Amino acid sequence: MKQWIHKKWILLLPVLALSIIIGLSSYMRYAGANAEAITLNQIDYDNMELTLNTKGNAIIYYSTNKSKWYEADGAFAIANTDGESNDMSATVTYDISWISATGSTKLYFRGNVNHTTLPVIIPACNKKFKVKFDKANGDFDFDDIDNVEIIRWRKSTDYTWGYIWADRSKSGIEIKNVATDANYQKYGFTGTVQSLTDFEKNVIPSLRVKGTKLIFQTVPVIGVDGKDGIRASKEVAVKIPAKRAAPNIKVNIKKLTVNTTTKQQWVTTTGSIAGVSDTEWQACTKTMDLATIAADAIEGKSEKTLYFRTSATSTNCESKVTTVKVPARATEPTSPVAISQSAPTSSKGKAKAKVMFTNVPSESYEYVIIKNGTALNEKTAAWKTIKTAKTITFTESSLPAGSVIYVRVKGVNENVKKGIALKLPSKYTSITVPAYPTASSN
C-alpha cells in the first residue's frame, strides 16, 4: 500500500511542478513586477470621486493612519487592449462621498506591489463663505471665497446651476471645452460665466417681481497635478424679496396735480421703462403739479406718459411701477358765457349782472370768478360746476366790475373697471365784467 502511494506521488510530481510554474507565472503577471508608486489622477468634488493612476498595481490599499490598511473597492478603467488591471496607464476611481465635509481628512494609498505611500488630503467644506445682498439697489458681494473665482447659483426649487464671476471687474465668458482651455480645466464644466453686473441687471430684476430664494456656492476646484483641489463651499440661501405693490397715483383733475409723496420717485421717457437706469429716476415732492412734470400735456401739445414707484429703502427694493398717461388738454370752449347788466331801479337799489352759460357739453363746465385783479391759479381756484345751460344773477357787490370769469370744460376721472379714460379739463377762456350802468344812465 505504501509503495503504491509512493509511486502515485512520483507520477503527480510533474503535474504539481507544472501547476506551480503556471501559478507563479500568473502571480508575477498579476502582481506587476514593474509596478511603480501610485499617483493622484484627480479629485472630482462635484461627484465626490477620487481617481488614482494604478501604475501597474492590481490592488490598491488605503488607510487613515498608515497602521491599518484596507483594500480599496473601486472601479478600474483599463487603458490597454489586453484588459489587465495592472496596466501602467490604468486608473481606478473611488467614491469619497462618505468623507465628512466638516473637517479636513487625510487618506493614504499604496499599491499591492509598490508600497510607496501616497498621501491625499480631502479638504473641509468652506463654511465661512458669505453672500451680501443689498435689497435697495440689488447688488451682491461675496466674502471668504477661498481663492475661488467663480460662484454658482440656482433657485431653491431648481437644481440647474448658473455661474457668475465673484469679481465685479470680470466680463462674462463662454467656457466651451475644459479639456483644451487650460485656464478653466480646474473647474470641470462648460457653459456661460456671467459678469456680476450682468447678473444683477438682467437676472435679478425679473426675480424681484414675485420674489424667490436663491442658493449660492463657490464652485469646486478639481484636485489634479499633485494639488488637493477645493471642495464646494457651504450653500448660502439669499431671499430676494418681491417688489412692493405699485403706488396708487391719481390725477386730481380740478387742481391738475398728482398725489405723490416724498417716498416716491418718478420718471418720463420716450422709450421703454425697462431701459431707464436707476440714476434717471427723480425724487417726488408732495403733491406734484402736472404743469411741472407734464408740461406738454397741460399746454395741449401732446400726451405725456409718467412712471411712478415707491423708493427703495435699506430693507426693501423699489416697488413695482405705476404708469400714468396724461392726455393733452383740449382747446378752450367757444363762447361759453355771456354777461347782461342792469342799473339799479331806485336810489337804494343795486346794479345787477346776469351771467349766462350756454353750449354746455356733456362733461359740464367749470367756472371760477377772480376779483381785484388777482392772477388765476388753477391749482387753488375754487372751481364750480355748471351741468346745463344756466343763468346766474349777481349783484354788483358780489361780481364787481373788472372781475374775470374763467370757464373751462370739466375733466373726467379715469375708471379702469368701467373703461373710462382720464380726461383733463380743457384750457380755459375768460370774460371780464364791464362797468355797471348807473341809475342816471337809465
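For the structure itself, look to the data block above.
To keep things clear, this report deals only with the structure shown in the data block. Here the structure is a predicted model, which is why all the values come from computation and not from measurement. (Residues numbered from 1 in each chain as written. Predicted model: local features only at pLDDT ≥ 70, side-chain atom pairs only at ≥ 80, totals over all residues. Heavy atoms only, no water.)

**Comments concerning unusual backbone geometry**
For Met48, which is not a glycine, the phi torsion comes out positive at approximately 50 degrees. Summarising the element assignment, Met48 is placed in the loop between strand 1 (39-44) and strand 2 (49-53). Residue classification places Met48 among the buried positions, given a relative accessible area of 15%. You will see that Asp144, though not glycine, has its phi angle at about 55 degrees, which is positive. (Helix = DSSP H or I, 4+ residues; strand = E, 2+ residues; numbered from the N terminus. Buried < 20%, exposed > 50% of the residue type's maximum accessible area, 1.4 Å probe, protein only.)

**Section: the environment of Ala136**
Tracing the backbone shows Ala136 in the loop between strand 9 (130-133) and strand 10 (140-143). With 176 residues separating them in the primary sequence, Ala136 and Ala312 have C-alpha atoms 5.0 Å apart.

**Some remarks on the pattern of salt bridges**
Applying the stated criterion to the full structure yields 13 salt bridges. For the salt bridge of Lys132 with Asp143, the shortest nitrogen-to-oxygen distance reads 3.1 Å. Separated by eleven residues along the polypeptide, Lys132 in strand 9 and Asp143 in strand 10 bring together distant segments of the chain. We classify Lys132 as partly exposed; its relative accessible area is 47%. The salt bridge involving Glu378 is made with Arg329; its shortest N-O contact spans 2.9 Å. Placement of Glu378 in the loop between strand 26 (365-370) and strand 27 (384-386) and of Arg329 in the loop between strand 23 (322-326) and strand 24 (337-342) is noted, with a sequence separation of 49 residues between them. With a relative accessible area of 16%, Glu378 lands in the buried category. If you follow the salt bridges from partner to partner, you end up with Lys254, Arg329, Glu366, Glu378 and Arg408 in one network. (Salt bridge = Lys/Arg side-chain N within 4 Å of Asp/Glu carboxyl O.)

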